[in-house]
Amino acid sequence: MSLSGIKVVEFAGLAPGPFASLILADNGATVIRVDKPDSFSPDVLCRGKRSIAINPKIPSGREALLKLISSADVVIDPFRPGVLERLGLGPEVFLGSANNAGLNPKLIYGRIAGPPEGYGRCATRDSNFDKGLAKPLWEGHDINYIALSGALAMLPGSDKPAFPLNLLADFAGGGMTCVLGILLALIERGKSGCGQVVETDMVSGARYIAAFPLIHSLIPESHLFGNERGKNILDGGAPFYDVYVCKDGRYMSVGCLEPQFFKAFVNGFLQALPKGFNLNGWRPDPQTQGNRDDWNKLRDFMARGFQTNTRDYWAAAFHETDACALPVLTPEEARASSSTGPEQSFPLAHPRIVGSQPSKPPPHDHHLNPGQHTRQVLHELALSEAEIRKLSLDGALGKEAHSSVVSGHKL
């Protein structure tokens, strides 16, 4: 596989970090997740990974991690800026500085933060608000970071913007963007032989992902995002780009933007509606799309029309047409209809690299116990039994390992 032979050390976190390392593991990299001893991990993005549980605050644990990272190609740091530096595991330890040689100068050090360094002052002239943001903003989650990116203010919603789960900042702007940086750094390392620090933050990443609508919002004459939120074609303002409720409470998506697709939708919709269905005598035609004055009537007509029958009826009515009208599937339905069949519960790696040497995909395990492979990984680092025993006695491997050694049992 493309990343076979690449060794990755991922410090345990949630969402963007695990997703970044999942992508690397899915493409052949060897990934070791570093967990806290005696902890529980809710992470489900574990496919193809192993776990070592070790405490870097204990000197012997830190020394073991120094050895692990010194033999790695990539590190993924999901913590706030400065956390790994305070533990003695910052990038300068491995990449070196002007005065000191590093332990692993070819290392790619991937970092994922919330806002960029120094971010936090708003453009507003409200002095009280500015005063509250005198320090950089590090605390937050996906919804907060897309709020700062400008993207959340553009998303659809009747009274307020609706946030897209935690997809935009955590996974697109965070994890996926970090992987892009890691791959670019690996390419550069192939030319220069030098490692690099990949600085990813979820505010800047979300802005980059949202570049298309954000740039359009600066163009007053843009028909896509030039108006206020909710009155543009792609943010719920257009009735032919929206989601509709059907008779059974399930949904249909409609996205017939181009005139030829809108024509196919209108013709198919009118044909599938009950005979004589109309809105106070009004029915749309292919020219309705170009007349904004009729959009409110069109939306009402479509909403009432979809309510006349079930989602599956409408899915069948538009099947294999150019109407751009498709059913909204539940996660269970999407899994059952995937090309790999219902037995494939875990989303497959994507994209497929056609033409590369086929290889066996990693097992589809969505749970990884912290420390599940600790002893195996320590042996791979060539640590002796005496050294592993010392780690246990020091408490670097957790309370259970310490108790086991003290009581005379083998770890």
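Structure: above.
Residues numbered from 1 in each chain as written. Predicted model: local features only at pLDDT ≥ 70, side-chain atom pairs only at ≥ 80, totals over all residues. Heavy atoms only, no water.

Undergrad: How should the overall build of the protein be read in this particular structure?
TA: Within the protein, the secondary structure is distributed over 17 helices and nine strands. Considering only C-alpha atoms, the protein reaches an extent of 85 × 55 × 45 Å along its principal axes. Counting across all 411 residues of the protein, residues that qualify as buried make up 41%. Summarising the internal contacts of the protein: among those between residues at least 6 apart in sequence, 62% fall at separations of at least 24. (Helix = DSSP H or I, 4+ residues; strand = E, 2+ residues; numbered from the N terminus. Buried < 20%, exposed > 50% of the residue type's maximum accessible area, 1.4 Å probe, protein only. Contact = heavy atoms within 4.5 Å.)

Undergrad: Which parts of the structure should I look at to understand the pattern of salt bridges?
TA: Side-chain pairing between opposite charges can occur once the charged atoms of the two side chains come close. If you walk through the whole model with that rule in mind, you get 21 salt bridges. Across the salt bridge formed by arginine 311 and glutamate 333, the nearest N and O atoms sit 2.8 Å from each other. Residue arginine 311 is located in helix α13 (residues 311–317), and its partner glutamate 333 is located in helix α14 (residues 331–337); the two are separated by 22 residues in the primary sequence. Residue classification places arginine 311 among the buried positions, given a relative accessible area of 3%. (Salt bridge = Lys/Arg side-chain N within 4 Å of Asp/Glu carboxyl O.)

Undergrad: I'm lost on a nonpolar patch on the surface in this one. Help?
TA: Together, Val243, Val245, Tyr251 and Val328 line one region of the surface with nonpolar side chains, adding up to about 300 Å² of accessible area. Within the secondary structure layout, tyrosine 251 lies in strand β8 (residues 251–255). A relative accessible area of 39% places tyrosine 251 in the partly exposed class. (Patch = residues over 30% accessible without salt bridge, like charges linked within 9 Å, V, L, I, M, F, W, Y side chains within 5 Å. Areas by Shrake-Rupley, 256 points an atom, 1.4 Å probe, with all protein chains shown as cover.)

Undergrad: Please explain the pairing of strand β2 (residues 30–35) as it appears in this structure.
TA: Across a regular strand the side chains alternate sides, sitting on one face of the sheet and then on the other. Of all the six residues making up β2, five are buried; the element is thus mostly covered by neighbouring parts of the structure. Pairing of strand β1 (residues 7–11) with β2, which is carried by five bridges, proceeds in the parallel orientation. By the bridge assignment, phenylalanine 11 is partnered in β2 with valine 34. As for the winding sense of the linkage, the β-α-β connection from β1 through helix α1 (residues 16–26) to β2 is right-handed. Of the strand pairs in this sheet, β2 and strand β3 (residues 49–53) are connected by five bridges, and their pairing is parallel. Bridge pairing in β3 links isoleucine 32 to arginine 50. (Pairing = 2+ DSSP bridges. Right-handed = clockwise from strand over helix to strand, strands pointing away.)

Undergrad: Looking at this model, I keep getting lost on the packing of aromatic side chains. Mind explaining?
TA: The way to describe two aromatic rings as a pair is by their centre distance and the angle between their planes. Throughout the structure, instances matching the rule amount to 16 aromatic pairs. When the ring of phenylalanine 265 is compared with that of phenylalanine 269, the centres are 5.1 Å apart and the planes differ by 20 degrees; the resulting orientation is stacked. One end of the pair is phenylalanine 265 and the other is phenylalanine 269, both in helix α11 (residues 259–272) and four residues apart, which spans about a single turn. Here phenylalanine 265 and phenylalanine 269 have matching classes, each one buried. Seen from their ring centres, tyrosine 313 and tryptophan 314 are 5.2 Å apart, and the 80 degrees between their planes marks the pair as edge-to-face. (Phe/Tyr/Trp six-rings, centres within 6.5 Å; stacked < 30°, edge-to-face > 60°.)

Undergrad: Teacher, can you tell me more about the sheet that holds strand β9 (residues 325–327) here?
TA: The antiparallel open sheet is built from three strands, whose spatial order is β7-β8-β9. One side of each edge strand has no neighbouring strand; the edge strands of this open sheet are β7 (241–245) and β9. Mean inter-strand twist for the sheet, computed between neighbouring axes without regard to direction, equals 20 degrees. Examined bridge by bridge, β8 and β9 share three bridges and lie antiparallel to one another. The residue bridging serine 253 from the neighbouring strand is leucine 326, located in β9. Packing against the sheet, helix α12 (residues 295–306) makes contact with β7 and β8, and its axis sits at approximately 35 degrees to β7. (Axes fitted to C-alpha atoms, helices over the stretch in contact; angles between N-to-C directions.)

Undergrad: Help me out: how do you make sense of unusual backbone geometry in this one?
TA: What is expected of a backbone is that most residues other than glycine have negative phi and most peptide bonds are trans. Cis geometry marks the peptide bond from histidine 350 to proline 351; its omega dihedral reads 5 degrees. Residue placement: proline 351 occurs in the loop between α14 and α15 (374–380). Within the chain, alanine 382 stands out as a residue other than glycine whose phi angle is a positive 70 degrees. Turning to its location among the elements, alanine 382 is positioned in the loop between α15 and α16 (385–394). Alanine 382 gets classed as exposed once you look at its relative accessible area, which sits at 58%.

Undergrad: Help me understand the pairing of strand β5 (residues 108–113), please; the structure alone is not making it clear to me.
TA: Counting buried positions along β5 yields six of six residues, so the element is predominantly enclosed. A two-sided burial pattern is seen for β5, the buried positions comprising Ile108, Gly110 and Ile112 on one face and Tyr109, Arg111 and Ala113 on the other. Bridge analysis of strand β4 (residues 74–77) against β5 gives four bridges, and the strand direction is parallel. The residue bridging isoleucine 76 from the neighbouring strand is glycine 110, located in β5. With six bridges connecting them, β5 and strand β6 (residues 196–201) associate as parallel partners. Residue pairing across strands places glycine 110 opposite valine 198, the latter belonging to β6.

Read these as spatial facts, not as claims about activity.
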